[in-house]
Amino acid sequence: ASSAAMPSALAGVRVVELAGLAPAPFCGLLLRDLGARVVRVDRADAAFTVDRLARGKESLALDLKSPSGGAAFRRLCAASDVLIEPFRPGVMEKLGFGPDRLLAKNPRLVYSRLSGYGQSGPLAQRPGHDINYLAASGVLSRLADGDSPPRPPVNLLADFAGGGLLAALGIVAALFERQATGLGRILDANLTEGAAYLASWLFASRDLFVWRDGARPGENILDGGAHFYRCYRCLDGRHLAVGALEPQFYAAFVAGLGLTEAELPQATEDAAGAIATVTKIIGTRTRDDWLSRFGPDACVNAVEELSEAQANPHAAVRASFSPSADTPGHHLPRPPRFASVAPDGSGVGPDEPFQPGRSPRIGEHTCGLLAELGYSEAEIRQLLAEGRAVQCSTDGSPSGRL
């Protein structure tokens, strides 16, 4: 699972990630891509997982509700630097893994709690998904077009950005602080406040010109209400993204349309009419035809499908994607490049490919990890025989073999 191309900023840091979906696995993936060793703790009775963010991690399968499985988990946390737990408030305490108990054994542990609404407040115990947290944050209200209902941007904003990404940032900050204090921290990361924090500029800019007085979502300059900052459908059903904000870029955009600025002024009172004009013109040619007519200063891009984005020439030169080790034909984006190039210029360069590791089978590393934690071969066999731990065989099926 390792690669010479992997950044090593967090080398030597062991992260324990309790199995979940979306935000916690993404948080663990970010830390792994920064060089940490990440152990995903799976349920001993889990037959499969739909987690697609486990590449390069290890899997330890335990029955956390049993005394012996719980003891193994506590021993793992005592020997680790970070814990990521994705449950509702109180679940870890009921299992006997609350922060008071785990930090008593390991005061250096960074205990990251990643929930929907946070550890306190009237919504803390309420279930939900990305759309619910995004709605509670206020951000979803801005993702609409006129009178149409808001449309969620899949689950990117709350789950991955407001949740996993910001949780990883908090963990890195706590690890940095620990260098001075020698102590870990308990982190209360949550998707609702994280999504709102991502929208700090929206909350702070409501007095600026980009928001028209009395305008609804979808009628403002940056949310599709301006003819020079929105997407358009071409003759072939594909789309263009236009971001011609500055005057010089707008001039290039209008010239590409075959118009003059007098015919289509940027500062128009008839925004709907300008949008209709551009929509009609863009709809007369294919996407690639239009791309050949717009110069680079027009700030016009193709709205690329995922497969197009990974294959475009810029991505190829930058080695921005690498083949998945898990799914033939799929490509994965590389981790942030800032973490992989040293000040002297050594490390991963633009043309050096990123080698993603494969995802572990559930329980694949159980025996090796238990041995690392000091369990004898006899003790490991006993855990396997009791079903309190699971070691998968080479074909991925559960096995009691060492």
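Residues numbered from 1 in each chain as written. Predicted model: local features only at pLDDT ≥ 70, side-chain atom pairs only at ≥ 80, totals over all residues. Heavy atoms only, no water.

Participant: When you look at the domain arrangement of the chain in this model, what are you seeing that I'm missing?
Facilitator: Put simply, an interface is often sized by how much accessible area is lost when its parts join up. By domain assignment, the chain separates into domain 1 (14-200 + 357-390), domain 2 (229-303) and domain 3 (318-351). Using C-alpha coordinates to define each centre, domain 1 is positioned 24 Å away from domain 3. Domain 1 puts six residues into the contact, and the matching count from domain 3 is six residues. Taken together, the two surfaces of domain 1 and domain 3 that pack against each other cover about 480 Å², and 62% of this comes from carbon and sulfur. The three residues of domain 1 that bury the most area against domain 3 are Asp33, Leu34 and Arg55, which together make up 57% of that side's buried surface. Our count for the domain 1 to domain 3 interface comes out at zero salt bridges. Taken together, the links from domain 1 to domain 3 amount to one residue pair in polar contact (both at pLDDT 80 or more). (Domains from an automatic or database assignment. Contact = heavy atoms within 4.5 Å. Buried area = accessible area lost by both parts, 1.4 Å probe. Salt bridge = Lys/Arg side-chain N within 4 Å of Asp/Glu carboxyl O. Polar contact = N/O pair within 3.5 Å; in protein donor to acceptor, adjacent residues only side chain to side chain.)

Participant: Help me out: how do you make sense of the pattern of salt bridges in this one?
Facilitator: When the charged atoms of two side chains lie near each other, side chains of opposite charge can form a pair. Under the criterion given, the structure shown has 24 salt bridges. Residues Arg40 and Asp42 are paired through a salt bridge, measuring 3.0 Å at the closest nitrogen-oxygen approach. Just as Arg40 is buried, Asp42 falls in that class too. A salt bridge links Arg388 to Asp63, with the shortest nitrogen-to-oxygen separation between them at 2.9 Å. A residue pair is termed long-range when its members are at least 10 positions apart, and Arg388 in the loop between helix 15 (377-386) and strand 12 (389-392) and Asp63 in the loop between strand 3 (58-62) and helix 2 (67-78) qualify at 325 residues. One continuous salt-bridge network, built from bridges that share partners, spans Arg14, Arg37, Glu58 and Glu372. (Buried < 20%, exposed > 50% of the residue type's maximum accessible area, 1.4 Å probe, protein only. Helix = DSSP H or I, 4+ residues; strand = E, 2+ residues; numbered from the N terminus.)

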